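The primary structure of each chain is shown beneath.
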Amino acid sequence: MRSLMMAALILLAASPLHAQDALPQFVFDGHHIGEARPTPEPREQCKGPGGEHPLMVCLRENLDGVHLDAGYNYSSQGNLVGVGALTDSSEFKPLLTALTKRYGEPKARRSGTGHDYVQWRFREGKLHLTRTGDLVVLRFAPSA
């Protein structure tokens, strides 16, 4: 009986881990979480969330026709740990279409007056797309 209970506990603990492994890997415009910081590093004024930051490389990106000010966050060891981007609210629907084409249907979606929220899940974390007023924020948050 004890062996049966132990086997059940192992299966219960393994299920979430297996589900996490079944999620896709996050890639944004060719950049993978965990990759090394590019050298030479592109230098542009940072306009992304958090302002100018010593561990962020900021670029102007074009994602399927949607123009974004993107920031790539790197750890002190030089590995990519997060991505953030800003654009105008008029780009929300085209950006949602582009991201859905790349990552599939979102796992969460909420809409209300003046705001929208969409989320995709990946092995490394979650991608959040938020529209509030005139601003659209795209943010990849690593799993804790």
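Note that residues are indexed from 1 along each chain, following the sequence as it is written. For this predicted model, a pLDDT threshold of at least 70 governs which residues receive local features, and a threshold of 80 or more governs which side-chain atom pairs are given and counted, while totals over whole chains, interfaces and linings are taken from all residues. Side-chain metrics in this entry use all non-hydrogen atoms of the structure; hydrogen atoms and water are not considered.

Engineer: Just to check I follow, could you spell out the nonpolar core for this structure?
Structural biologist: As a rule of thumb, soluble globular proteins bury nonpolar side chains together. What is meant by a nonpolar core is a set of buried Ala, Val, Leu, Ile, Met, Phe, Trp, Tyr and Cys residues, joined one to another through side-chain atoms within 4.5 Å. Relative accessibility thresholds used throughout: buried, under 20% of the residue-type maximum; exposed, over 50%; partly exposed, between the two (1.4 Å probe, protein chains only). In terms of nonpolar packing, the biggest core is built from 26 residues, with Phe 26, Phe 28, Leu 99, Trp 120, Leu 127 and Leu 129 touching the most fellow members. Only runs of H or I of at least four residues qualify as helices and only runs of E of at least two qualify as strands under DSSP, and these elements are numbered from the N terminus. Taken together, the elements giving at least two residues each to this core come down to strand E3 (56-63), strand E4 (66-74), strand E5 (80-88), helix H2 (92-103), strand E7 (115-122), strand E8 (125-132) and strand E9 (135-142). Sequence-distant contacts of Phe 28, defined by excluding residues within four places in its chain, comprise Leu 63, Leu 68, Ala 70, Tyr 72, Val 83, Tyr 103 and Leu 138. In what follows, residue pairs with any heavy atoms lying within 4.5 Å of each other are defined as contacts.

Engineer: For this particular structure, what's the right way to read the pattern of salt bridges?
Structural biologist: Between side chains of opposite charge, a pair can form as their charged atoms come close. The rule for a salt bridge is simple: a side-chain nitrogen of Lys or Arg has to be within 4 Å of a carboxyl oxygen of Asp or Glu. For the coordinates displayed, the defined rule picks out three salt bridges. Its salt-bridge partner being Asp 64, residue Lys 101 comes within 3.8 Å of it at the nearest N-O pair. Taken together, the positions of Lys 101 in helix H2 and Asp 64 in the loop between E3 and E4 put the pair 37 residues apart, joining distant regions of the chain. Residue Lys 101 is classed as exposed on the basis of its relative accessible area of 66%.

Engineer: Quick question: what am I supposed to make of the environment of Arg 121 here?
Structural biologist: You can see Arg 121 is positioned in strand E7. Taking C-alpha positions, Arg 121 is 9.8 Å from Ser 143, a pair spaced 22 residues apart along the chain. Sequence-distant contacts of Arg 121, that is, excluding residues within four places in its chain, are made with Leu 23, Pro 24, Lys 107 and Lys 126. Distance and chemistry together define a polar contact, namely a pair of N or O atoms within 3.5 Å, with one atom able to donate a hydrogen and the other to accept it when in protein, and with adjacent residues in sequence counting only for side-chain atoms on both sides. Within the structure, Arg 121 has its side chain in polar contact with the side chain of Gln 119 (distance 3.0 Å).

Engineer: Explain the pairing of E7 here, please?
Structural biologist: When a strand is regular, its side chains alternate between the sheet's two faces. For E7, a buried count of six out of eight residues is recorded, marking the element as mostly surrounded by other parts of the structure. At least two DSSP bridges between two strands are required for those strands to pair. Direction of pairing for strand E6 (residues 108-112) relative to E7: antiparallel, over a ladder of five bridges. By the bridge assignment for E7, Arg 109 is matched with Val 118. Here E6 folds back onto E7 in antiparallel fashion, the turn holding two residues, of which Gly 114 has a positive phi close to 80°.

Engineer: I'm lost on unusual backbone geometry in this one. Help?
Structural biologist: Backbone phi values are negative for most residues with the exception of glycine, while trans is the configuration of most peptide bonds. Despite not being glycine, Asp 64 shows a phi value in the positive range, around 50°. Since its relative accessible area comes to 41%, Asp 64 is described here as partly exposed.

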